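Per-entry structural report
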Amino acid sequence: MVYDWFNRGVQGSSEPEPTPSPEPTPSPGGTQEPASTPEDEALAWAREAYARLKAQQELAKAPAPESEPASSPEPTPEPAPAPTATPAQQAPAPTPEPAPAPVAGKSLLEQAAAQRQQRQQDQDDRAITVEPEPTPTSVSSDSTEPSLGALDEDFLWSAEVLAAQGRRVDEVSLEEIDWLGRLRRGMEKTRQGFVSGLLDNLGDDPLTPEVLDDLETLLLRADAGVQATDQVLDALRQRMNEEVVEPTEGIRFLKEQLRGLLDVPIKASGVSLLAPERDRLNIWLMVGVNGVGKTTTLGKLANLAVRSGYSALIAAADTFRAAAVQQVQVWGDRSDVPVVSNPSSNADPAAVVFDAIGAARSRGSDLLLVDTAGRLQTKHNLMEELEKVRKIIDRLAPEAKVESLLVLDASQGQNGLRQAMAFAKAAGLTGVVITKLDGTARGGVALAVASEAELPIRFIGAGEGIRDLRPFNSYEFIEALLAGR
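Now for a quick tour of the structure. (Residues numbered from 1 in each chain as written. Predicted model: local features only at pLDDT ≥ 70, side-chain atom pairs only at ≥ 80, totals over all residues. Heavy atoms only, no water.)

If you look at the biggest cluster of nonpolar residues, it comprises 125 residues, and the most contacted ones within it are Ile283 and Phe459. Beyond its immediate sequence surroundings of up to four residues, isoleucine 283 is in contact with Ile357, Leu368, Val370, Ile393, Ala397, Ala400, Lys401, Val402 and Glu403. (Core = buried A, V, L, I, M, F, W, Y, C linked by side-chain atoms within 4.5 Å. Buried < 20%, exposed > 50% of the residue type's maximum accessible area, 1.4 Å probe, protein only. Contact = heavy atoms within 4.5 Å.)

Take a look at the structure:
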């Protein structure tokens, strides 16, 4: 079974298996039970989903029925051990052969030139490394499959988030439960400062202007940006002028406003969820400054594409950083994705992209992921190099669907916003990937990117594992940010 993360659905799955659902226990004496509360219904929904997933996991672990055993062949007698040779009978040890003498008629310079030519030929043969597998659909063993844990707080919260989005019990997948748990844990540092401050200020009383002032401080401290903060607070003040806002309603309204900020650029793009198009070459260009995790993000995207049933190819166009090509190759091996590279030092990135487009067409790949060298937005010559790569793509593959994704390190906060502004001009950005949310308390930078840079957030990363990057969902992000409220 393949879970298509780009479309949040399951491919190749058969009819859902019958799952054990909790049967209502008849009350003694025929007395009517009290009406269930929303909390009870959510708990019953989560338990039913857990029982279904557990039944699926046990079914998957059950051994397949064995076929009729064939007639076993007659056991062959073991050959008698050969007699051990005595030291006198053993063959003499081979003497080392002398090194070959220089070929007559060739000088040392000619021999050195021939060796250099042979090495160059070997490098040219390795310039394009294409695996014989046409469409990889499985990942290597180091990418462990998600497993169902206990019915703990993470599972209950994840199930509640999925139910709130209109999911049925039979639509819940272990992949989603596993990711939501990772996202909730990854947002812990941002949530600690944000939610604890809200709890201290809200209490049980209606919202007041003083509470809004404290909320403004919390949003700015989380690097949400001035524009996003003003927009949220203006909406809250207008609501307070119309009616008394209780704490629960205030939190609900705050979530609604934050989700609205994140959804504006996504709706403006016309694409709610970025996914490779079938029967068409898709080229995703990964750009960003040094150290934000472009190569790691590219490797995780390749794994995500393979797990979702797409064929992928990687172009190692970061030819400046030491060992960058080797790092890309490791990520490709982990997901069984072929890598197009040029092992020579300081190779032309545009030439690598040229070869990669040809390889993607010949293989019929769905997605070509292009890794680029890190560059500061203030280095104009390097930004021009990025423009050159983009022109090569537009000239060689005019029919391809090209996405230029900026990788941002969430720990950089507002500096990441300035990077987005600069790269948007040179690379024609179409989206943003926010990484390292698990290592910072500045997760609010996502709000600044959406409101000020007006760029849609396409993917988020909340961990170092190969499965810690998934498509962005504003509802799940805000719920993870304000989990517990």
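Next comes the rest of the account.
Now for the packing of aromatic side chains. Within this structure, the stated rule accounts for six aromatic pairs. Between phenylalanine 6 and tyrosine 310, the ring centres sit 5.5 Å apart and the planes meet at 90 degrees, which makes this aromatic pair edge-to-face. With a gap of 304 residues between them, phenylalanine 6 in the loop between strand E1 (2–4) and strand E2 (9–11) and tyrosine 310 in the loop between helix H9 (294–307) and strand E4 (312–316) connect regions that are remote in the sequence. When its relative accessible area of 2% is taken as the criterion, tyrosine 310 is described as buried. Looking at phenylalanine 6, the relative accessible area reads 1%, which means it is buried. Ring-pair connections join several aromatic residues into one group, and the members of that group are Phe6, Trp284, Tyr310 and Phe459. Arginine 239 extends its terminal NZ or CZ atom over the ring of phenylalanine 253, reaching a point 4.9 Å from the ring centre. (Phe/Tyr/Trp six-rings, centres within 6.5 Å; stacked < 30°, edge-to-face > 60°. Helix = DSSP H or I, 4+ residues; strand = E, 2+ residues; numbered from the N terminus. Lys NZ or Arg CZ within 6 Å of the ring centre and 35° of its normal.)

For the rest of this paragraph, the subject is the environment of tryptophan 284. Within the secondary structure layout, tryptophan 284 lies in strand E3 (residues 282–287). If we ignore the near neighbours within four places in the chain, the residues touching tryptophan 284 are Phe6, Leu274, Ala275, Pro276, Leu301, Leu367, Leu368, Leu369, Val370, Glu403, Leu405 and Phe459.

It is worth spelling out the pairing of strand E9 (residues 457–461) at this point. Here E9 lies mainly inside the structure; five of its five residues are buried. With three bridges joining them, strand E8 (residues 431–435) and E9 adopt parallel strand pairing. From the neighbouring strand, isoleucine 434 faces E9, where its bridge partner is isoleucine 460. In the sheet, E9 pairs with strand E10 (residues 469–471) via three bridges, with the strands oriented antiparallel. (Pairing = 2+ DSSP bridges.)

What follows concerns the pattern of salt bridges. Within the structure shown, the criterion is met by 24 salt bridges. The residue aspartate 178 makes a salt bridge to arginine 182 at a minimum N-O spacing of 2.9 Å. Taken together, the residues span about one helical turn, with aspartate 178 and arginine 182 both in helix H4 (residues 174–186) at a distance of four residues. Each member of the pair, aspartate 178 as well as arginine 182, carries the same accessibility label: buried. Several salt bridges share partner residues, and in doing so they unite Arg239, Glu243, Glu249, Arg252 and Glu256 into one network. (Salt bridge = Lys/Arg side-chain N within 4 Å of Asp/Glu carboxyl O.)

Quick look at the pairing of E4 now. Most of E4 sits out of view: five of its five residues are buried. Neither face of E4 is left uncovered, since the one carrying Ala312, Ile314 and Ala316 and the one carrying Leu313 and Ala315 both have all their residues buried. With five bridges connecting them, E4 and strand E6 (residues 367–371) associate as parallel partners. Its bridge partner being in E6, isoleucine 314 is matched across the sheet by leucine 369. Here two bridges tie E4 to strand E5 (residues 339–340), and the two strands are oriented parallel to one another. Bridge pairing links isoleucine 314 to valine 339 in E5. One crossover worth recording links E4 to the parallel E5 by way of helix H10 (residues 324–335), and it is right-handed. (Right-handed = clockwise from strand over helix to strand, strands pointing away.)

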